[in-house]
Amino acid sequence: MLVIEINGKQKDIPSNWNEMTLEYYCGIYEILQKYKRNEEQDKNDEGKDLSKFFFTQQIKMYNELFCYMTGVNADDVKKINTDEVEAVISSLDNILEEYEPKGITNFEFEGDIYYFPMDFYRTGTFGEYIEATQLELNTQYLKNGRFDILPEQMAILCKKVDEEVDLDNVDEKSAKFKRLTMDIVWEFAFFLNKQTINSLNVIQTFLEMETQKA
């Protein structure tokens, strides 16, 4: 956590996956994507000198990130020391690297322990399966920025011992899970992706066996 004083007030800036919430990270990601160029733009501007344009866009992005991360008004950013701006922006360095999963299967949140669906495909109801899979989550999907679907999916699949999930009323739990830290979110994403691959392999093996019998 980066602790920095800005305008006489102490600011705690998350700088690691286990310090920032899913909701906070989504805000960071939206700003970064706003300034990301696509292949068509690069192709259209091929051969042009865009150094001034890129510099201007970078400054705008840094200003927007700084305001979001510190809560400082956009009009007041000009009064902030450059070193302070650089320190805040540099705190993002750790999250620009790909997350390395540790393989956890449960997590503690607000005094309760929630478990990943280790045997979901064996014990989960068909309704839960449909609700979960229609959200189309996999690791690549997350890398494309669709983190906003995760709270609902985790609300359905991650349960306390003996917890019954009401599929018609998961909004409250989903809203609460927006406050999960990103290390837990990534662990769940990798876990679910692995479970999905394993299940597809089982199905493929079964189909091959049935084809051989026929």
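First things first, this report covers the structure right here in the doc. This structure is a prediction, so every number in the text was calculated from the model and none was measured.

Counting residues in hydrophobic clusters, the biggest one holds 50 residues, and the most contacted among them are Phe107, Phe147, Met154, Phe177 and Met182. Elements represented by at least two residues in this core include exactly strand S1 (2–6), helix H1 (22–34), helix H3 (51–70), helix H4 (82–90), strand S3 (106–109), helix H8 (150–157) and helix H10 (182–213). With eight residues, the single largest contributor to this core is H10. Ignoring sequence-local partners within four residues, the contact set of Met154 consists of Phe107, Phe177, Leu180, Ile184 and Phe188.

Here we take up the side chain of Ser91. For Ser91, the position within the fold is in the loop between H4 and S3. Setting aside residues up to four positions removed in sequence, Ser91 forms contacts with Leu2, Ile13, Pro14, Ser15 and Met69.

Moving on, we get to the pattern of salt bridges. Enumeration over the complete set of coordinates arrives at five salt bridges. Note that Lys173 is salt-bridged to Glu163, the shortest N-O span being 3.0 Å. With a gap of ten residues between them, Lys173 in helix H9 (residues 171–177) and Glu163 in the loop between H8 and H9 connect regions that are remote in the sequence. One exposure class covers both Lys173 and Glu163, and it is buried.

With respect to the helices and strands, the residue Glu187 is situated in helix H10. The side chain of Glu187 sits in the buried core without any salt bridge; Lys102 is the nearest counter-charge, 4.9 Å away. Sequence-distant contacts of Glu187, defined by excluding residues within four places in its chain, comprise Tyr99, Glu100, Pro101, Lys102, Gly103, Ile104 and Phe116.

The subject of this paragraph is the packing of H3 against H4. The contact between H3 and H4 brings their axes to 10 Å, and the two run at 80°. The angle between H3 and H4 falls in the class roughly perpendicular. From H3, Tyr62, Leu65, Phe66, Met69 and Thr70 reach across to H4, where they touch Glu84, Val85, Val88 and Ile89. For the contact of H3 with H4, the residue count by class is seven nonpolar, one polar and one charged.

The next thing to look at is the pairing of S1. Two strands pair when backbone bridges link them, and S1 and strand S2 (residues 9–13) are joined in this way by five bridges, in the antiparallel orientation. Bridge assignment links Glu5 to a residue of S2, and that residue is Gln10. Hairpin connection of S1 to S2: two residues between the antiparallel strands, including Asn7 at a positive phi of 55°.

Mapped onto the elements of the fold, Lys60 is located in helix H3. Distance in space between the C-alpha atoms of Lys60 and Tyr35 is 8.9 Å, their sequence separation being 25 residues.

Here we come to H3. With 20 residues, H3 ought to run about 28 Å at 1.5 Å a step, and its terminal C-alpha atoms sit 28 Å apart, in line with that. Buried residues of H3: Met61, Leu65, Phe66, Cys67, Met69 and Thr70, and no others. Positive backbone phi, at 80°, marks Gly71, one or two positions downstream of H3.

What counts, and at which threshold
- Residues numbered from 1 in each chain as written.
- Predicted model: local features only at pLDDT ≥ 70, side-chain atom pairs only at ≥ 80, totals over all residues.
- Heavy atoms only, no water.
- Core = buried A, V, L, I, M, F, W, Y, C linked by side-chain atoms within 4.5 Å.
- Buried < 20%, exposed > 50% of the residue type's maximum accessible area, 1.4 Å probe, protein only.
- Helix = DSSP H or I, 4+ residues; strand = E, 2+ residues; numbered from the N terminus.
- Contact = heavy atoms within 4.5 Å.
- Salt bridge = Lys/Arg side-chain N within 4 Å of Asp/Glu carboxyl O.
- Lys, Arg positive; Asp, Glu negative; His and termini not counted.
- Axes fitted to C-alpha atoms, helices over the stretch in contact; angles between N-to-C directions.
- Parallel < 35°, antiparallel > 145°, perpendicular 65-115°, else oblique.
- Nonpolar A, V, L, I, M, F, W, Y, C, P; charged D, E, K, R; others polar.
- Pairing = 2+ DSSP bridges.
- Expected span 1.5 Å × (residues − 1).

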